[in-house]
Amino acid sequence: MAEPLERLAAGALGWLAGNLDHFDPFSASGRPATHGTAKAALELALLCHCAARLDEPPDTLAGARALVRKLWQDPDFPRLFDDVPRHSSTYGLIYAALAPDGIDTAQVRARLALLEPEFLSPRGKSPYQRIEIRHYADKAGVRHTVEPYAELLAHSPLVAYRADEPAEDGAPLSMPRAYALTHTAFYLGDFGRTSPGLGGGALVHARDLVGRLLRHCVEHELWDLAAELVLTQFVLGSEPLDTPQGAAAVECLVRAQRPDGALPGRSAALAAQPSASPGEFFAKAYHTTLVTALAALIVASPRPS
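These numbers were taken from a predicted model, which means no experiment stands behind them.

A.B. asks: What am I meant to see in unusual backbone geometry here?
C.D. replies: Peptide bonds are mostly trans, and most non-glycine residues show a negative phi. The backbone of D190 sits at a positive phi, close to 45°, despite the residue not being glycine. Here D190 is to be found in the loop between α10 (175-188) and α11 (200-220). Of note in the backbone geometry, E221 takes a positive phi value of approximately 50° without being a glycine. Here E221 shows up in the loop between α11 and α12 (223-235).

A.B. asks: Before we go on, may I ask you to explain the packing of α12 against helix α13 (residues 244-256) in this structure?
C.D. replies: How two helices pack is summed up by the angle between their axes together with the distance between the axes. Put simply, α12 and α13 touch, their axes get as near as 10 Å, and they point 140° apart. In terms of orientation, α12 lies oblique with respect to α13. The way α12 lies across α13 gives a crossing that is left-handed. On the side of α12, the interface is formed by W223, A226, A227, V230 and Q233, while α13 contributes G246, A249, V250, C252, L253 and A256. For the contact of α12 with α13, the per-class residue count stands at nine nonpolar, two polar and no charged.

A.B. asks: What should I look at first to understand the packing of α10 against α12 in this one?
C.D. replies: At a minimum axis separation of 9 Å, α10 and α12 run at an interaxial angle of 35°. Handedness of the α10/α12 crossing: left-handed. Of the residues in α12, those touching α10 at M175, A178, Y179, L181, T182, H183, A185 and F186 are D224, L225, E228, L229, L231, T232 and V235. Within the contact of α10 with α12, the residues separate by chemical class into 10 nonpolar, three polar and two charged.

A.B. asks: When you look at the pattern of salt bridges in this model, what are you seeing that I'm missing?
C.D. replies: When charged atoms on two side chains of opposite charge get close, those side chains can pair. Under the criterion given, the structure shown has 14 salt bridges. Residue E43 pairs with K39 through a salt bridge whose shortest N-O separation is 2.5 Å. Of this pair, E43 and K39 both sit in helix α3 (residues 37-52), separated by four residues, roughly a single helical turn. Looking at K39, the relative accessible area reads 32%, which means it is partly exposed. Linked by salt bridges that have partners in common, R53, K139 and D190 make up one network.

Conventions adopted
- Residues numbered from 1 in each chain as written.
- Predicted model: local features only at pLDDT ≥ 70, side-chain atom pairs only at ≥ 80, totals over all residues.
- Heavy atoms only, no water.
- Helix = DSSP H or I, 4+ residues; strand = E, 2+ residues; numbered from the N terminus.
- Axes fitted to C-alpha atoms, helices over the stretch in contact; angles between N-to-C directions.
- Parallel < 35°, antiparallel > 145°, perpendicular 65-115°, else oblique.
- Left-handed = near helix turned anticlockwise from the far one by under 90°.
- Contact = heavy atoms within 4.5 Å.
- Nonpolar A, V, L, I, M, F, W, Y, C, P; charged D, E, K, R; others polar.
- Salt bridge = Lys/Arg side-chain N within 4 Å of Asp/Glu carboxyl O.
- Buried < 20%, exposed > 50% of the residue type's maximum accessible area, 1.4 Å probe, protein only.

This is the structure we're talking about:
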């Protein structure tokens, strides 16, 4: 593992392992939380899922894996999805897709039974939304009617988005569009496991747009998006540390990482204040720290053959 990535991964994983009580919605720390507890647990499950596929899964995640197994077998956990009606169907699908091996799947099947056929169809959804649903539905083994990826590629954010009209702050894309771009790459490339299917001019365009976004992130210390874009570079076939933009982004993240391993917020402007309570700090820091761990682990690992 390259030294900067090793430092990032080790520190971030150590901090996450020391703060699992905040990921548990039913713990003393999780119950009064201000962050979305169900979302945080789903994101932790994604980290565990991706790390388990590496040649050498980190032992540091043993406690996280145990927590995910416990939550996925707790009937009260999927009920939390109903507290966010706008996302309850998506959360239910992700919950099923990330179910740990070897658990009783009765609860998972019950949650999947609540999904409406309309949710699993392409009707009324953007190409990005259809790609997301297809990714998790395929992983969960759920029948759907979303088009094949090959039919969605040309209209996906990776191909369709242009930096011709930058956002008001000078960014190549607005923040929501930038995150749609990274997540599209994650889903199409299964977080670095497969090729996203781009070639020729489309691949050149996507890589160029990611490079422009990375430069902006480094200039403005947008840590969370920088971590996602480093992983996006890898998904698109580049080695981030061999590119000026990727190497600069990794160094930016190394500088932002605290001695305890946490990245204190999504950006320098949004970082937690020194006076923040443990719960407030977690709400600010957990996502960027988790994404940084995910990116560092995957980028530093050999590509699947």
